[in-house]
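Secondary and tertiary structure notes
These are the residues of each chain, in order.
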Amino acid sequence: MSQKTILYVEDNEFNRKIIRQLLAQTSYRLREAHDGESGVRAAQDELPDLILMDVQLPKMSGLEATQRLRADPRTAAVPIIIITSYAMDGDAQKANDAGATAYLAKPYSPRHLLAKIREIVPEA
Amino acid sequence: MSWVAQVRAPVQRKLLVAFLLITLLFIAMGAFSLFTIREMSRQSELLDRAHQRLERAQEIHHSLAMQMHLTAMALLVRDEAAVASVLRENNRFNEALAQLEAAVEDPERVVIQKVRAGQEEAMVIVADIANLVRDGKIAAATQLHASREDPLYRSIDARVAEMVQRENAGMVSLRDGLRAAQQRSLVVMASFAAISVLLALGGGFVISWALIRPVYAAHGLLNELAGGRFGGTVTVPNRDEFGELAARLSATSRELARLDAEQRCAAQELGALNAKLEQASKAKSEFLANMSHELRTPLNAILGFTEMLSDGLYGPVPAQYKEPLADIQTNGRHLLRLINDVLDLSKIEAGRMELAMEEYSAQEVVGMVRASLRSLAEEKGLDFKVEVDPGLPEVLRGDAKRIMQCLLNLAGNALKFTKRGGVTIRAARDGDCVRYSVSDTGIGIPTDQLAEVFAEFRQVDATVTREFGGTGLGLSITKKFVEMHGGRIWVESRLNEGSAFHFTIPLRSEIASTV
């Protein structure tokens, strides 16, 4: 089995660093994007095996980016985990409506996130 | 007809004048009747007297005829005694004549005096005739009778007959006059009565119309006011109390219109203010949400790095680093709880917190609370039990997530404030409610501070916060969630023996979403 690619769309450098270091221990290949628009572009170019999508992003929100990717036949089937720090009621519902595969609220436990990733896309 | 209304006088005076007018009319009618009755009785008295005069005159006439007849009889029977009858008849004649004379007017008296003079002359002749009869000189007596007495009697008789005729005519005219007067007074009385009735009816109509018209007008305006149409006025010609009433009504209506306009203006201002407030409240909510995001992002990094460090992701962790790393994690989670509590409370206060009512099982909720806190209890060496009354329905209604949050707050506090002994969570039926109780064997709460435990940012004592931690918001949020469910919360406590917090959730909970 070939190496699995994960795209992480997040504007905060420290949060990117956590995932970078977390996945460095694994066989997953990580691609990063800093805002919604470049996230959508990267997803369309790379066609990753999994996308981790933050909600509060510059240029385009994570929810909108998710909807775009769902509308595109090439990326419609790619699993997307939405990560939000917006702890308002109904966020999970919004993520679900946008077409997310899973939903995670910040602060998340890196251990749990990794378990979730492995559950959706088993390592090669 | 409006002239009655326009008269500048009180209604009472107008009514008095009208009634006085009618009363005066009746008094006049009564006076006229009295006068008529008196006139009638005077007339009938006159008639009565005339009748007596006629009777006297007829008596005189009759007596005269008797005298003539008796004289003729005396001559025929040649008896002097018969002449005495003439004298007796003469007495009757004189008596009647005197009565008649007393009853008549002057012109008639002259005639009566002439009759009396004639009668006296006749009596002298009768005396002569009587003497002649006594002496047996019948022929001379007869001659005297024929030549003197008979013509004299005839002339008296003619006079008396004329008198009788005159009296008769006078009586007839009196009777006719009386009848005409009766007729006249009847007409006058009827006219009086008719005019009085017409006047009373007319007056009543005019006055009542002058009073009713403003009442109708006022009624119309009051209807408008009742219908919420203010500002209309009522104009009546009245210059009396009704005119004043109409003026007051109009003023009231104008005042109402002014107040209404003011109120509308105020309502509009309030509406604008409300919109601004709503905007401000929305801005506040957005600010809080943003703040929450801004705080969680670095917190996520802190907790993430700490966890990875503890998990040995960066290499083996030296033993002496393990405790500080655990402390960082504990405090990071505490900070997260604080952020969550502040966010919850602000949402509740902004009325944006809504309960998600669903069916749930008390057994499950209580079990999850125990699972979440078991490690804490074990760490402190405390006995941690949950008991669910078997009589409790298996399926309950409520926002399970929030009820769990309440129990987590209460049980978390209980574990925090208990150093030895244990904490028990119970769920049991309490009338139409399910009652959750969390009891501990902890430090307890002083009686004078029991009332304040549910207030925001309150803990029994500032030193408690330092020793045991906690946001001071948990109980306040718990109380609000319970009240949103339509339940109530209370506490029983004995210092140094322990506390018991109870809250109820109605079994058929379908309540308002905001407190």
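Residues numbered from 1 in each chain as written. Chains lettered and ligands numbered in written order. Predicted model: local features only at pLDDT ≥ 70, side-chain atom pairs only at ≥ 80, totals over all residues. Heavy atoms only, no water.

Of the regular secondary structure elements, chain B holds 11 helices and seven strands. Scaling as 2.2 N^0.38, a compact globule of 515 residues should have a C-alpha radius of gyration of about 24 Å, whereas chain B reaches 67 Å, well beyond that. Dimensions along the principal axes, computed over C-alpha positions, put chain B at roughly 210 × 50 × 40 Å. Split into buried and exposed, the 515 residues of chain B put 40% on the buried side. (Helix = DSSP H or I, 4+ residues; strand = E, 2+ residues; numbered from the N terminus. Rg over C-alpha atoms; globule rule 2.2 N^0.38 Å. Buried < 20%, exposed > 50% of the residue type's maximum accessible area, 1.4 Å probe, protein only.)

Between chain A and chain B, the residue contacts involve 20 residues of the former and 21 residues of the latter. Together chain A and chain B conceal approximately 1900 Å² of surface at their shared face, both sides included; 58% is due to carbon and sulfur atoms. The salt bridge involving A:Arg111 is made with B:Glu307; its shortest N-O contact spans 3.7 Å. At the junction of chain A and chain B, the tally comes to six residue pairs in polar contact (both at pLDDT 80 or more). Per-element accounting of the side of chain A that touches chain B gives the leading share, six residues, to helix H1 (residues 13-24) of chain A. The residue makeup of the side of chain A that touches chain B, split by class, is nine nonpolar, seven polar and four charged. (Contact = heavy atoms within 4.5 Å. Buried area = accessible area lost by both parts, 1.4 Å probe. Salt bridge = Lys/Arg side-chain N within 4 Å of Asp/Glu carboxyl O. Polar contact = N/O pair within 3.5 Å; in protein donor to acceptor, adjacent residues only side chain to side chain. Nonpolar A, V, L, I, M, F, W, Y, C, P; charged D, E, K, R; others polar.)

Right, let's talk about the domain arrangement of chain B for a bit. Segmentation of chain B into domains returns domain 1 (2-217) and domain 2 (355-506). The distance between the C-alpha centroids of domain 1 of chain B and domain 2 of chain B comes to 129 Å. (Domains from an automatic or database assignment.)

It is worth spelling out the packing of aromatic side chains at this point. Think of a pair of aromatic rings as described by two things: how far the centres are apart, and how the planes are tilted against each other in angle. Residues and elements named next belong to chain B. Here the structure, examined in full by the defined rule, presents two aromatic pairs over all chains. A ring pair is formed by Phe32 and Phe192, whose centres lie 6.0 Å apart and whose planes are at 45 degrees; its orientation type is tilted. Taken together, the positions of Phe32 in helix H2 (residues 11-77) and Phe192 in helix H5 (residues 138-226) put the pair 160 residues apart, joining distant regions of the chain. Phe32 sits in the partly exposed class, given a relative accessible area of 22%. Taking the relative accessible area as the measure of exposure, Phe192 reaches 22% and is therefore partly exposed. Just above the ring of Trp490 sits the side chain of Arg488; from NZ or CZ to the centre is 4.1 Å. (Phe/Tyr/Trp six-rings, centres within 6.5 Å; stacked < 30°, edge-to-face > 60°. Lys NZ or Arg CZ within 6 Å of the ring centre and 35° of its normal.)

Further remarks concern the sheet that holds strand S2 (residues 383-388) of chain B. Residue and element names in this part refer to chain B. If you trace the five strands from one edge of the open sheet to the other, you get S2-S4-S5-S7-S6, paired in mixed fashion. In the strand order of this sheet, the two ends are held by S2 and strand S6 (489-494), each with one partner. For this sheet, the mean inter-axis angle between neighbouring strands, taken without regard to orientation, is 15 degrees. Along the sheet, helix H11 (residues 474-484) contacts S6 and strand S7 (498-506); its crossing angle with S7, the most-contacted strand, is approximately 30 degrees. (Pairing = 2+ DSSP bridges. Axes fitted to C-alpha atoms, helices over the stretch in contact; angles between N-to-C directions.)

Another aspect to go through is the sheet that holds strand S2 (residues 29-33) of chain A. All names here are of chain A. Spatial strand order, S2-S1-S3-S4-S5: five strands in an open sheet with parallel pairing. Taken across any chain shown, the strands that pair with only one partner, and hence form the sheet edges, are S2 and strand S5 (102-105). The average angle at which neighbouring strand axes cross in this sheet is 20 degrees, direction not considered. Its contacts with the sheet place H1 against strand S1 (5-9), S2 and strand S3 (50-54), and it is angled at close to 170 degrees to S2. Lying on the sheet, helix H2 (residues 36-46) is in contact with S1, S2 and S3; it crosses S1 at an angle near 170 degrees.

Among the structural elements, B:Ile22 can be located in helix H2. Given the relative accessible area of 17%, B:Ile22 is considered buried.

Next up on the list: helix H4 (residues 106-134) of chain B. Between its first and last C-alpha, H4(B) extends 42 Å over 29 residues, near the 42 Å set by a 1.5 Å rise per residue. Of the residues trailing H4(B), B:Gly136 is marked for its positive phi of about 80 degrees. (Expected span 1.5 Å × (residues − 1).)

Residue and element names in this part refer to chain A. The final tally for this structure, using the stated rule, is 31 salt bridges over all chains. Measuring nitrogen to oxygen at the nearest pair gives 2.8 Å for the salt bridge that ties Arg16 to Glu13. Remark: Glu13 and Arg16 occur in helix H1; sequence separation between them is three residues, near one turn of the helix. Of the residues examined, Arg16 reaches a relative accessible area of 5% and is grouped as buried. Of the charged contacts, one joins Arg74 and Asp72 as a salt bridge, the two residues approaching to 3.0 Å between their closest N and O atoms. For Arg74, a relative accessible area of 53% translates into the label exposed. When salt bridges with common partners are traced through the structure, they connect Glu13, Arg16, Arg20 and Glu32 into a single cluster.

Attention shifts here to the environment of B:Val395. Residue and element names in this part refer to chain B. Within the secondary structure, Val395 is located in the loop between S2 and strand S3 (396-398). A residue is classified by how much of its surface remains accessible, and Val395, at 53% relative accessible area, is exposed. In this structure the C-alpha to C-alpha distance between Val395 and Gln363, which are 32 residues apart in sequence, comes to 9.6 Å. Other than its neighbours up to four places away in sequence, Val395 contacts Glu359 and Tyr360.

This part covers the nonpolar core. Residue and element names in this part refer to chain B. By size, the foremost hydrophobic cluster in this structure holds 46 residues, and its most contacted members are Leu407, Tyr436 and Phe503. Mapped onto this core, the elements with two or more residues apiece are helix H7 (319-349), helix H8 (362-380), helix H9 (400-417), strand S4 (422-430), strand S5 (433-440), H11, S6 and S7. Here this core gets nine residues from one element, more than from any other, and that element is H9. Not counting the four nearest positions on each side in its chain, Phe503 is found in contact with Ile403, Cys406, Leu407, Leu410, Val434, Arg435, Tyr436, Val482, Arg488, Ile489 and Trp490. Grouped together as the second largest cluster of nonpolar side chains are 43 residues, Ile112, Met123, Ile129 and Leu152 included. (Core = buried A, V, L, I, M, F, W, Y, C linked by side-chain atoms within 4.5 Å.)

Residues and elements named next belong to chain B. Buried residues dominate S5, accounting for seven of its eight residues. Here S4 pairs with S5 via eight bridges, running antiparallel. Among the inter-strand pairings, Asp430 is bridged to a residue of S5, identified as Cys433. The loop that links S4 with its antiparallel partner S5 comprises two residues; one of these, Gly431, has a positive phi angle of about 65 degrees.

The subject of this paragraph is the packing of helix H3 (residues 80-103) of chain B against H4(B). Residue and element names in this part refer to chain B. The N-to-C vectors of H3 and H4 enclose an angle of 170 degrees; their axes lie 11 Å apart at closest approach. When the axes of H3 and H4 are compared, the pair comes out roughly antiparallel. Along the contact surface, H3 presents Glu80, Val83, Val86, Leu87, Asn90, Phe93, Asn94, Leu97, Ala98, Leu100, Glu101 and Ala102, while H4 presents Arg109, Ile112, Gln113, Val115, Arg116, Gln119, Met123, Val126, Ala130, Val133 and Arg134. When grouped by side-chain class, the residues that make up the contact of H3 with H4 number 14 nonpolar, four polar and five charged. (Parallel < 35°, antiparallel > 145°, perpendicular 65-115°, else oblique.)

With that out of the way, let us pick up the side chain of B:Ser196. Take B:Ser196: it is sitting in helix H5. Once you skip the residues sitting within four places of it in the chain, B:Ser196 turns out to touch B:Leu25, B:Phe26 and B:Met29.

We now examine H5(B). Count 3.6 residues to each turn of an α-helix, and residues three or four apart come out pointing the same way. Residue and element names in this part refer to chain B. Here H5 spans 125 Å end to end across 89 residues, near enough to the 132 Å set by a 1.5 Å rise per residue. Where H5 bends most, at His145, the angle is about 40 degrees. Directly beyond the C-terminal end of H5, a positive phi value near 85 degrees is found at Gly228. (Bend = angle between axes of the 7 residues up to and from the residue.)

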